[in-house]
Amino acid sequence: MYEGSHRPPGFRPIGARRLPATREPGAPRPRRGDHGLAIPAEDHLEALSAFILRNLPEARARRLAQDPRVYALTPDREVRAYGQTVPWGVERIGAPTTTAKGANVSVYVLDTGIKVGHEDLTNLKGGYAVVKCRGRCRAAYDDDNGHGTHVAGTIAAVNNAAGVLSVAPAAELWAVKVLSGSGSGSISGIVQGLNWAIAHNNGGKPKVVNMSLGGSGTDDQDGLYCPAIRSKDAFHNAIQKAVCDYRITVVVAAGNEGDNAANHTPAAYDEVITVSATNSQNDWPSWSNYGPDVDLAAPGVSILSTWHTSTSAYNTLSGTSMATPHVAGAAALVLSRYPSYTPEQVKGTLLQNAESTHTWSNTSGHPHPEPFLNVRGF
Ligand SMILES: [Ca+2]
Ligand SMILES: [Ca+2]
Ligand SMILES: [Ca+2]
């Protein structure tokens, strides 16, 4: 996985933030006021000499407001427990403006698993485990690391009153645990996970695979897209099977080595959509991989999303791992509008709609001609 070494200092898991209880226990008994209103004394705010009046009829409220002893009456409004945060990346790519929300699209997260029972990941449908989940695991594909849960939250955290808003909040999530609690895995395990996603019966809905992972390696068929003679590299061959034969859109991280993505797989393979990371200042960090294999840039610095430490935990992380799920979510938006699109058409649509980065001041020290993800209009 691509995250960890670039985690900004000072970011720690943040738990659920809740409003304090409005009624304090042991408060004095209600008093009767001059206007025939029972004033619950627990609602007497001493410092302000204010009272909270419940179920006050409008006529009575108007009469009360005329009383010279009453300074002001303020109608109550509903507030929610801090509501839902729209992370900067989700806002930046225009996700809250789309008509499509990812409905009827399955997104398979090949990662450390996804936190089962998380309040903001209620669209987690199930999954499959290649490697064992250790510790408190509610399912084999539960997340004992956090990375996969974070990735999943950017793709499809639900649009509710809690946590965060994602790119494709109506998409369904499937956890494919190919990375261990320490975040490591093997090519054979990833191939096994890919084969599960290919074979999985999701009722015929279009599929997207998110792989915020990678290792060193090169593209044995560079410059070729779904060639008739398939790769003899097992990893590449499995990706070609998914993309070319089973029409699964595969989105992968460029990597965080500050290196040419051509030296890293699956980033180097031409059948995938490879994603670099940007910050909120329209710039790339020096650690984002680059080069001709990179297709799109997306937000990947200081990204708030779901976390595995509790069912209401959130965390802020940085990495091309965090940029990738923005694009996977965007692919789900495209497929929810055009379910019959091939991976090539999905990629073409994303590139056509993307924002030019030619005027950006690129201070990363590496070339980044790739455009920036934009989902407005989807
Ligand atoms: Ca939410
Ligand atoms: Ca390539
Ligand atoms: Ca590419």
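Residues numbered from 1 in each chain as written. Chains lettered and ligands numbered in written order. Predicted model: local features only at pLDDT ≥ 70, side-chain atom pairs only at ≥ 80, totals over all residues.

With an unreviewed UniProt entry as reference, the protein is termed Extracellular serine protease, source organism Thermus brockianus. What UniProt records for the protein under Sequence similarities (unreviewed entry) is the sentence "Belongs to the peptidase S8 family." (UniProt positions renumbered as here; feature names shortened; annotations may be inferred.)

A. Layout of the environment of A103. Relative to the helices and strands, A103 resides in the loop between α2 (88-92) and β5 (106-111). As for A103 and P169, which are separated by 66 residues in sequence, their C-alpha atoms are 8.1 Å apart. Once residues within four sequence positions are removed from consideration, A103 is found in contact with A170 and S336. (Helix = DSSP H or I, 4+ residues; strand = E, 2+ residues; numbered from the N terminus. Contact = placed C-beta atoms within 7 Å.)

B. Representation of the nonpolar core in the model. The biggest cluster of nonpolar side chains holds 90 residues, and the ones touching the most others in it are V107, L173, V327 and A331. A per-element tally of this core places helix α6 (residues 320-337) first, with ten residues. Setting aside residues no more than four positions away along its own chain, V107 makes contact with I155, A156, A171, L173, W174, V208, N210, A328 and A332. (Core = buried A, V, L, I, M, F, W, Y, C linked by C-beta atoms within 7 Å. Buried ≥ 20, exposed ≤ 12 C-beta atoms within 10 Å, placed from the backbone.)

C. Local environment of unusual backbone geometry. A cis geometry characterises the amide bond from T265 onward to P266, with omega recorded as 10°. Inspection of the secondary structure puts P266 in the loop between β11 (264-265) and β12 (273-278). Phi at C226 takes a positive value of approximately 50°, unusual for a residue other than glycine. C226 sits in the partly exposed class, given 15 other C-beta atoms within 10 Å. Positive phi, close to 55°, is recorded for R247, a residue that is not glycine. By the element assignment, R247 lies in the loop between α5 (234-245) and β10 (249-253). The class for R247 is partly exposed, based on 17 C-beta atoms found within 10 Å.

D. Main features of the pairing of strand β6 (residues 124-129). Summarising the sheet, β6 and strand β7 (residues 172-177) pair through five bridges and their orientation is parallel. Directly across from G126, in β7, lies its bridge partner W174. Each parallel crossover has a hand, and the one from β6 via helix α3 (residues 147-156) to β7 is left-handed. (Pairing = 2+ DSSP bridges. Right-handed = clockwise from strand over helix to strand, strands pointing away.)

E. Region of interest: α6. A rise of 1.5 Å per residue sets the reference length of α6, with its 18 residues, at 26 Å; its end C-alpha atoms lie 26 Å apart and thus fit the reference within 8%. For α6, the buried fraction is high: 17 of the 18 residues fall into the buried class. (Expected span 1.5 Å × (residues − 1).)

F. Structural view of the environment of A162. Mapped onto the fold, A162 is located in the loop between α3 and β7. Judged by the 21 C-beta atoms lying within 10 Å of it, A162 falls in the buried class. Each C-alpha atom, one on A162 and one on T85, is 7.9 Å from the other, the two residues being 77 residues apart in sequence. When residues no more than four places from it in sequence are discounted, the contact partners of A162 are Q84, E119 and D120.

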